[in-house]
Amino acid sequence: MLLYIGKRLLRALVTLVIIMTIVFVLMRQMPIEGYFPNYDKMSRAQIENGLHQMGLDQPMPVQLWRMFKGLVQGDLGTSRVYRNNVPVTKILAPKIPISIKLGSMAILVSLIFGLPMGTLMARYKGKFFDHLGTGFIVFIQAVPAAVYFLFIQLYGTEVLKIQLLFDVKNWKTWILPVLSMSLGNIAYYAMWLRRYMVDESSKDYVQLAKIKGLSQNKIMFRHIFRNAFVPMVQYLPTSFLNTVIGSIYIESLYSIPGMGGLLVDVIKRQDNTMVQVIVLLFATVGIIGLILGDVAMVILDPRISFGSRKGGR
Amino acid sequence: MAKIKNPSIAAMEEEIYRKADEQMSEQELFTFAKFDESEVERTGYSNYSYWGSTFRAFARNKTAMFLISVVVLLVIFTFIQPMLPNQVSAFQVNNNPETGLPYRNLLPGTEVRLMEGRSHTFILGTNSIGQDLWSGIWAGTRTSLFIGVVVACIEAIVGILIGILWGYVRKLDFFFTELYNVLDNIPVTIVLILVAYILPAGISTLILAMSLTGWIGMARFIRNFILIIRDREYNLASRCLGTKTSKIIFKNLLPYLVSIIMLRMALSIPANIGYEVFITYIGLGLPATVASLGNLINVGRSMMLSPSLRYQLIYPTVLLSIVTISFYVVGNAFSDAADPKSHV
């Protein structure tokens, strides 16, 4: 298994290099005007001087080589527009913990509510609770998140009597962002868990358990849940990491100083180094999430193995 | 094998017999079944038609039938609304004939005199520069629905083509998987900004930008299903008999996927409409001169802090939610109906 993970990581590295190259080339296609706030008033010499300072006058391969050399040496570069001449690591350092805290809380909340909800929906399939849950899932999935986030902010702040914006020190302001972030995940987990459990409950071993006279609850929780949870596990790392990265929309609604809105912001302001580092971070997180998901599935379900060495047991 | 638990097996058998008894009496079980001459003559003919059964199954779902009529009525209404009497254009700034100032933020249902001298009731009020919200909402729904449907169609066509190649041709699997890993990690924002930079802002540009990245998910979805059914026995048999690949794809694989593709498309329409709202929110959407639900919601958002003006946010969002929920439910119901296993 270690060999398999090693291979996957190597391939991930190649993928990362390609992603970085493409993003790098794309960012260099941005208009030159975007780099200078007062482009119209600048002389040709000033513009060329500015480009030279940023290293943008060099041929593309040279620039690319410079970036990768820096990355290998652990130098992520300095921001130019977002905060002038500040190392990117210094800008990101205070932002990452906030996003991680928010994201972990949101995932915790979604697991606490989503898994029981899915299980209960499968247990009472076709009954009132199932319909109620389906209604909730349809609502969350069909109504654009952009819309219900707004209403949560609008009426939630009124009900809780707190200010609209986020404040790290005031725990009450954490409630609404965490709630908004977890709603989508709750619906998602509940929907898939219900689906898998319903599929699972028509299988032979469940029939056997029924015939043996086990109680419905015991069958549901001891047998079906454990088997239905295996395919769910594959999504968990990715959804955890995605939530931790932060949501652009929620973070900007509550002006949370996290990672979420940062990428859009720096792309629009053409802060190339920042874009590179954040893309690198997000892509790494995404790929690691996929690998972790596969590994978690193998650990949880002994019947699944990584194809290469069949019959090893 | 270790020891067999006799008691539980015995209990099991008992259970089976008990169940059988419930359905047939002892006597029935041991009498000959009737021999019916006409049953013997019956052949395998059936007048089953796939689409006929699909529509019959769909029509049985009352909620879906109701919502599909809502969608149809909404779409028709977005087109006939500008032709109704007493409508003002969504872009016309309505001025007060006496002062010459625009009617800003009129509350819903306010009746005022317009420049032309006639009186007009603003059903949903006006926005902060004096445009009619009622016409704006319908024009916006028209635009947003158009974008949603067109993008969903482009996504489906490109996604199905690539997905089939990806799933069916083994040699391409590695290439496309790597391509997917790369493309999936390139921030959409960069693509959106670059497209907006190269092309003039407008509906077609937005459609292009959204489809440029949207097909990837569809292609992966199709690929996963193709992988599952590619080597089923009936396809293996076709291949052994020398059926052309194109025929296998169009006659064997695609019909199997119809219900899933329909579901995915129906879900992608509301998703695209919501996405348009989001793109507008991050400032890369349609120009303010085009009415779209994204633009309306974005304008309404800025009114959020004053409770009396919240109607400018609430009406567009309510309409948006009706549209997206209807599409979602109809899509789900149609995909259920299109599944041949549910046809009896």
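A separate point is the overall build of chain A. Helices and strands together make up the secondary structure of chain A, namely 14 helices and 0 strands. For chain A, the succession of helices and strands along the chain, N to C, is α-α-α-α-α-α-α-α-α-α-α-α-α-α. Taken over the C-alpha trace, chain A has a radius of gyration of 24 Å; the compact-globule value for 313 residues is 20 Å, which it surpasses by more than 25%. Projecting the C-alpha coordinates of chain A onto the three principal axes gives extents of approximately 85 × 60 × 30 Å. Here chain A holds 313 residues, and the buried ones make up 45% of them. Summarising the internal contacts of chain A: among those between residues at least 6 apart in sequence, 70% fall at separations of at least 24. Counting 33 positive and 16 negative side-chain charges, chain A places the averaged centre of each group 10 Å from the other.

So, about the overall build of chain B. Helix and strand counts for chain B come out as 13 helices and 2 strands. Taken over 344 residues, chain B has a buried fraction of 43%. Pairs at least 24 apart in sequence give 66% of the contacts found in chain B among residues at least 6 apart. For chain B, the accessible surface area stands at approximately 19400 Å², while carbon and sulfur atoms represent 65% of it.

Attention shifts here to the pattern of salt bridges. Summed over the entire model, instances satisfying the criterion amount to 5 salt bridges over all chains. The shortest N-O distance in the salt bridge between B:Glu178 and A:Arg11 comes to 3.1 Å. Remark: A:Arg11 occurs in helix α1 (residues 2-28) and B:Glu178 occurs in helix α7 (residues 170-185); the pair is interchain, linking two chains. Among the residues examined, A:Arg11 registers a relative accessible area of 37% and is labelled partly exposed. Put simply, A:Arg195 and A:Asp199 hold a salt bridge, and the shortest N to O gap is 3.1 Å. Separated by 4 residues within a single helix, A:Arg195 and A:Asp199 lie in helix α8 (residues 172-200), roughly one turn from each other. For A:Arg195, a relative accessible area of 37% translates into the label partly exposed. Residue A:Asp199 is classed as partly exposed on the basis of its relative accessible area of 36%.

The next point concerns the interface of chain A and chain B. Taken together, the contact pairs 43 residues of chain A with 35 residues of chain B. Taking both sides of the interface into account, the surface hidden between chain A and chain B amounts to around 3500 Å²; carbon and sulfur atoms contribute 79%. For the chain A face of the interface with chain B, the top three residues by lost area are A:Leu150, A:Leu154 and A:Ile211, together amounting to 14%. Across the chain A-chain B interface, the total number found is 3 residue pairs in polar contact (both at pLDDT 80 or more). Secondary structure elements with two or more residues in the side of chain A that touches chain B: α1, α6 (128-142), α7 (145-160), α9 (204-211), α12 (248-253), α13 (262-268) and α14 (272-300) of chain A. Here the side of chain A that touches chain B is composed, by residue class, of 35 nonpolar, 5 polar and 3 charged.

Residue and element names in this part refer to chain B. For Ser268, the position within the fold is in helix α11 (residues 245-281). Judged by its relative accessible area of 11%, Ser268 falls in the buried class. Among residues more than four places away in sequence, those in contact with Ser268 are Ala152 and Glu155.

Next up on the list: the packing of aromatic side chains. Applying the stated criterion across every chain yields a total of 16 aromatic pairs over all chains. Grouping aromatic residues by their ring pairs yields a cluster made of B:Trp51, B:Phe55, B:Phe58 and B:Phe334. A cation sits over an aromatic face here: A:Arg123 above A:Tyr124, 4.8 Å from the ring centre. The cationic tip of B:Arg220 hangs over the ring face of B:Tyr180; the distance from NZ or CZ to the ring centre is 4.7 Å.

Residue and element names in this part refer to chain A. Mapped onto the elements, Leu56 comes out in the loop between α2 (44-54) and α3 (60-72). For the pair formed by Leu56 and Ile32, sequence separation is 24 residues and the distance between their alpha carbons is 9.6 Å. Excluding its chain neighbours within four sequence positions, the residues that come into contact with Leu56 are Arg28, Tyr35, Leu51, Gln63 and Asn272.

Ranked by size, the top nonpolar core spans 101 residues in total, and within it A:Val23, A:Tyr254 and A:Val275 carry the most contacts. Looking at this core element by element, the count peaks at 10 residues for α14(A). Not counting chain neighbours up to four residues away, the residues in contact with A:Val23 comprise A:Val275, A:Val279, B:Ile186, B:Pro187 and B:Ile190. Within the second largest apolar cluster, 18 residues are counted, among which are A:Leu115, A:Tyr189, A:Tyr196 and A:Met197.

Burial in helix α8 (residues 188-198) of chain B covers these residues: B:Thr189, B:Ile190, B:Val191, B:Leu192, B:Ile193, B:Leu194 and B:Val195. Looking at the packing, one finds that the buried side of α8(B) touches α1, α13 and α14 of chain A together with α9 (203-230) and α11 of chain B.

This part is about a nonpolar patch on the surface. A cluster of nonpolar side chains, namely B:Val72, B:Ile76, B:Phe79, B:Ile80, B:Met83 and B:Leu84, defines an oily patch on the protein surface of about 560 Å² accessible area. In this structure, B:Ile80 sits in helix α5 (residues 62-80).

Take the confidence of the model for chain A next. Chain-level pLDDT for chain A is 79 on average; 95% of the residues reach the 70-or-more range. Every residue in residues 308-313 of chain A scores below 50 in pLDDT, and together they form 2 contacts with partners more than four places removed in sequence or on other chains.

All names here are of chain B. Here Ile203 shows up in helix α9. Exposure remark for Ile203: the relative accessible area of 26% places this residue in the partly exposed category. C-alpha of Ile203 to C-alpha of Phe35: the two residues are 168 residues apart in sequence and 69 Å apart in space.

Turning to the packing of helix α5 (residues 95-123) of chain A against α8(A), a few remarks are in order. Residues and elements named next belong to chain A. In the contact formed by α5 and α8, the axes pass within 6 Å of each other and the chain directions differ by 35°. The hand of the α5/α8 crossing is right-handed. Among the residues forming the contact of α5 with α8, the class breakdown is 21 nonpolar, 7 polar and 2 charged.

Definitions and limits used
- Residues numbered from 1 in each chain as written.
- Chains lettered and ligands numbered in written order.
- Predicted model: local features only at pLDDT ≥ 70, side-chain atom pairs only at ≥ 80, totals over all residues.
- Heavy atoms only, no water.
- Helix = DSSP H or I, 4+ residues; strand = E, 2+ residues; numbered from the N terminus.
- Rg over C-alpha atoms; globule rule 2.2 N^0.38 Å.
- Buried < 20%, exposed > 50% of the residue type's maximum accessible area, 1.4 Å probe, protein only.
- Contact = heavy atoms within 4.5 Å.
- Lys, Arg positive; Asp, Glu negative; His and termini not counted.
- Charge placed at Lys NZ, Arg CZ, Asp CG, Glu CD.
- Areas by Shrake-Rupley, 256 points an atom, 1.4 Å probe, with all protein chains shown as cover.
- Salt bridge = Lys/Arg side-chain N within 4 Å of Asp/Glu carboxyl O.
- Buried area = accessible area lost by both parts, 1.4 Å probe.
- Polar contact = N/O pair within 3.5 Å; in protein donor to acceptor, adjacent residues only side chain to side chain.
- Nonpolar A, V, L, I, M, F, W, Y, C, P; charged D, E, K, R; others polar.
- Phe/Tyr/Trp six-rings, centres within 6.5 Å; stacked < 30°, edge-to-face > 60°.
- Lys NZ or Arg CZ within 6 Å of the ring centre and 35° of its normal.
- Core = buried A, V, L, I, M, F, W, Y, C linked by side-chain atoms within 4.5 Å.
- Patch = residues over 30% accessible without salt bridge, like charges linked within 9 Å, V, L, I, M, F, W, Y side chains within 5 Å.
- pLDDT = per-residue confidence, 0-100.
- Axes fitted to C-alpha atoms, helices over the stretch in contact; angles between N-to-C directions.
- Left-handed = near helix turned anticlockwise from the far one by under 90°.

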